[in-house]
Amino acid sequence: MLLIHGGLWDGLDAARFWHAPGVVAGLRRRGIEVDAPDRLARPADWTADALRLTPTRPVAVVGASNGCSVAVRLALTMPASVTRLVLAWPATAVDDPPTRALFAELGAGPAVVDALLAGETLRGTTDTELATLGMPVRVLPARYTSGRRSTRCWS
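J.: Help me understand the packing of aromatic side chains, please; the structure alone is not making it clear to me.
T.: In this description, an aromatic ring pair is defined by two values, namely the gap between the centres and the angle between the planes. Enumeration over the complete set of coordinates arrives at three aromatic pairs. Taking the centre distance of 6.3 Å and the plane angle of 85 degrees together, the rings of W9 and F103 count as edge-to-face. In this pair, W9 sits in the loop between β1 (2–4) and α1 (14–19) while F103 sits in helix α5 (residues 97–105), placing the two residues 94 residues apart along the sequence. Pair check on accessibility: W9 and F103 agree, each one buried. Seen in terms of ring centroids, F17 and W18 are 5.0 Å apart; in terms of plane orientation they differ by 65 degrees. Their pairing is edge-to-face. Neither residue differs from the other here; F17 and W18 are each classed as buried. Aromatic rings pair up to connect F17, W18 and W89 into one cluster.

Below you can see the structure in the form of structure tokens.
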């Protein structure tokens, strides 16, 4: 299983996202072989981030938050490497002035910001591309109640 952590230009890494809360250890205790590498710290686009994580053999891929965009891009560019795809709490495509300003403050040029914020339902991909995914896909959206995030998910 390949776990692709969330975060985008914010310093989040696999240790904080998957290892510290015990996700990797829990999966390994159940006999699942897990790889949870760090993503690129400041990718120029989703494809560059995905290609860095190319598995050496076919695997189930779990992307979380902005990691979902990377997971989908990996599945689209290397479909033979992805047997199943789980998108946990996907970061939906939002292109607004505050988000653009944040990336500019972090040093991202306009072309990089355009590449990272482009998309329809999901950042980095069109809905037409999503419809072409040939492997089983499960989406686990975050559930919100009264403005508070809940860990309860459904598909």
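J.: Looking at this structure, how should I read the pattern of salt bridges?
T.: Pairing between side chains of opposite charge can happen when the charged atoms of each approach one another. Applying the stated rule across the entire model yields five salt bridges. Note that R39 and D49 form a salt bridge whose closest N and O atoms lie 2.8 Å from each other. Placement of R39 in the loop between α2 (23–29) and α3 (46–52) and of D49 in helix α3 is noted, with a sequence separation of 10 residues between them. D49 shares its class with R39; the two are buried. For D95, the salt bridge is made with R100, and the minimal N-O distance between the two is 2.7 Å. It is possible to trace a salt-bridge network through shared partners that takes in D95, R100 and D114.

J.: Help me out: how do you make sense of helix α6 (residues 110–117) in this one?
T.: Spacing of three or four residues puts side chains on the same side of an α-helix, whose turn is 3.6 residues. Burial in α6 covers these residues: V112, V113, L116 and L117. Within α6, the buried residues cover an arc of 115 degrees as seen down the axis, which keeps them to one side. Exposed residues lying more than 90 degrees from the buried face of α6 are P110 and A111. Residues of α6 that are buried sit in contact with α3 and α5.

About the criteria used
Residues numbered from 1 in each chain as written. Predicted model: local features only at pLDDT ≥ 70, side-chain atom pairs only at ≥ 80, totals over all residues. Heavy atoms only, no water. Phe/Tyr/Trp six-rings, centres within 6.5 Å; stacked < 30°, edge-to-face > 60°. Helix = DSSP H or I, 4+ residues; strand = E, 2+ residues; numbered from the N terminus. Buried < 20%, exposed > 50% of the residue type's maximum accessible area, 1.4 Å probe, protein only. Salt bridge = Lys/Arg side-chain N within 4 Å of Asp/Glu carboxyl O. Arc of directions from axis to C-beta. Contact = heavy atoms within 4.5 Å.

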